[in-house]
Each structure stands twice: as C-alpha cells, then as structure tokens.
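Architecture at a glance
Each chain, written out:
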Amino acid sequence: GDQVEQSPSALSLHEGTGSALRCNFTTTMRAVQWFQQNSRGSLINLFYLASGTKENGRLKSTFNSKESYSTLHIRDAQLEDSGTYFCAAEAGTGGYKVVFGSGTRLLVSP
Amino acid sequence: GPKVLQIPSHQIIDMGQMVTLNCDPVSNHLYFYWYKQILGQQMEFLVNFYNGKVMEKSKLFKDQFSVERPDGSYFTLKIQPTALEDSAVYFCASSPGTTNERLFFGHGTKLSVL
C-alpha cells in the first residue's frame, strides 16, 4: 500500500502569507527529502532530514521519525514559490527505495 | 551543487521501437535510480541500481525494461519494445549511498511514444 500520504493536494496562498504541508508515513522511515518541482518540471532539492528541524530562508522542515510525519512550512510566500512540492522518504528497513508523496500543487497569487 | 545530466531531453519514437535513455550521474555516487512521472502526477519509483545490480524494482518496471551502467559510463534505461503507456517523463537520480541516500535528480527525459 501507499507508504507516504501527502496533504493537502492543492494549496492557494496570497503573497506574504504562509502555510504548512505535511507527509504522514505508514512505515518507519530513515530520512525524508523535500523537493520543489518548478514549471519546467525540474526537481529542486529543498531539504534532507534524518531527524529534527532545518530552516532555509522562508522554508522550514521538520521530520519526526517516532510519530512518522514530516512538515514543510512556507512563510511570506512569493510568486516564485508556485509549483508542486513533493516529500520523498527512505524506508528504514535498509531499503533502496525512496518513495514519493503524491505532491502538493501550490499557487501563490498577488 | 552536484548535477545529474540526462540525454536527450525529449525523445519521440514509434510504438514497438526500442529506446535508450541516458543518464550521467554525479561522479562518486554509488546508487542510481529511475523514476517515471506522467504529466502533473506522482513520481513513481521504477528501479534502484548499485554495484552493477538491480537492488529493487517496482511493478512498473516491466519485463520490457532493463538498466545497466557498463564500466562507469552512462546509466541507461532501455525499453524494448515500447508501448503507448510508456509515454512519460523519466527522471534519473543518484545518491552517495554511503551515509545517506539523498537524491540528486536530472531534469528528466520526456518520452513520447506514438
């Protein structure tokens, strides 16, 4: 079954506002990555976390492996933040498979 | 940052033909991956390759698919024969594979099967 459940599937924000994306995991994950897929289809690395919280500019991500979830917070959203955001998780069973969530389509409007 | 190169960016072929998608992974990375994405949808795991072997593959990795990386050259995905449902963007990724499996992705190859 699906191991990574991502929500929301779509999100609309006005410039300057913020929100959070979330991924829940149905099995133990060793690490999580967050990507932004831009309008050209390129995947941009945002974060890689084995635990805890990382922050980069207006983005902050947390991975709680015990409670099996990860979040991506966006604050002060800008037009260029529009795109699709994916989480991807690495199974904790010595797995070689990195599984993606279904994505969150973010649209930032003026 | 580290770059994964994919060649070509777009490939158009007739159904039933063979196609080879090429990936130049980050040098000194050990693990290589292929993912398939149909327009606007989820990134679907196809296969993971390490030390000359397929480590894990998904149900999407049909018998018509094969991967190899002969002597450290391109990491390739071959589809023979192609089917209409193979039309998608195929992304290659590589990871260090030592202390972590942080993925670095190429820009994708758009495959159109007519």
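Just above sits the structure.
Structure report, in brief. (Residues numbered from 1 in each chain as written. Chains lettered and ligands numbered in written order. Predicted model: local features only at pLDDT ≥ 70, side-chain atom pairs only at ≥ 80, totals over all residues. Heavy atoms only, no water.)

What follows deals with the pairing of strand β7 (residues 65-68) of chain B. Every other side chain in a regular strand lies on the same face of the sheet, so the side chains alternate between the two faces. All names here are of chain B. In β7, alternate side chains face the same way, and those of F65 and V67 are buried while those of S66 and E68 on the opposite face are not. As paired strands, β7 and strand β8 (residues 75-79) are joined by four bridges and run antiparallel to one another. Note on β8: the bridge partner recorded for E68 is T76. (Buried < 20%, exposed > 50% of the residue type's maximum accessible area, 1.4 Å probe, protein only. Helix = DSSP H or I, 4+ residues; strand = E, 2+ residues; numbered from the N terminus. Pairing = 2+ DSSP bridges.)

The next subject is the state of the cysteines. Counting across every chain of the model gives two disulfides over all chains. Here C23 of chain A connects covalently by a disulfide to C87 of chain A, the sulfurs 1.9 Å from one another. For the disulfide bridge between C23 of chain A and C87 of chain A, the dihedral angle about the S-S bond is near -100°, and by the sign convention the bridge is left-handed. On the criterion of sequence distance, the pair formed by C23 of chain A in strand β3 (residues 19-25) and C87 of chain A in strand β9 (residues 83-91) is long-range, its members being 64 residues apart. A relative accessible area of 0% places C23 of chain A in the buried class. Paired by a disulfide, C23 of chain B and C92 of chain B hold their sulfur atoms 1.9 Å apart. Residues C23 of chain B and C92 of chain B are joined by a disulfide whose S-S torsion is about -65°; by sign, that bridge is left-handed. (Disulfide = S-S within 2.5 Å.)

On to the interface of chain A and chain B. Contacts between the two partners involve 19 residues from chain A and, on the opposite side, 20 residues from chain B. For the pair chain A and chain B, the summed buried surface comes to about 1,800 Å²; carbon and sulfur atoms form 55% of the total. Our enumeration of links across chain A and chain B arrives at zero salt bridges. Viewed at the interface, chain B and chain A are joined by five residue pairs in polar contact (both at pLDDT 80 or more). Where the side of chain A that touches chain B is concerned, the elements lending two or more residues are β4 (29-37), β5 (43-49), β9 and β10 (98-100) of chain A. Per-element tally for the side of chain A that touches chain B: the top contributor is β4 of chain A, with four residues. (Contact = heavy atoms within 4.5 Å. Buried area = accessible area lost by both parts, 1.4 Å probe. Salt bridge = Lys/Arg side-chain N within 4 Å of Asp/Glu carboxyl O. Polar contact = N/O pair within 3.5 Å; in protein donor to acceptor, adjacent residues only side chain to side chain.)

Right, let's talk about the sheet that holds β8 of chain B for a bit. Each strand in a sheet pairs with its neighbour through backbone hydrogen bonds, running either in the same direction (parallel) or in the opposite one (antiparallel). Residues and elements named next belong to chain B. The four strands are arranged β1-β3-β8-β7 in an open sheet whose pairing can be described as antiparallel. At either end of the open sheet lies a strand with only one pairing partner, and these are β1 (5-7) and β7. Ignoring strand direction, the axes of neighbouring strands in this sheet form an average angle of 20°. Note that strand β3 (residues 19-24) and β8 share five bridges and pair antiparallel. In the sheet register, N22 faces β8, and the bridge partner there is T76. (Axes fitted to C-alpha atoms, helices over the stretch in contact; angles between N-to-C directions.)

Residue and element names in this part refer to chain A. One open sheet holds the five strands; their spatial order is β1-β3-β8-β7-β6, and the pairing between them is antiparallel. Whereas interior strands pair on both sides, the edge strands pair on one side only; in this sheet they are β1 (4-7) and β6 (52-56). Averaged over neighbouring strand pairs, the angle between their axes works out to 15° when direction is ignored. Where β3 meets strand β8 (residues 69-74), six bridges bridge the pair, whose relative direction is antiparallel. By the bridge assignment for β8, R22 is matched with T71.

Geometric values such as these leave the question of function open.
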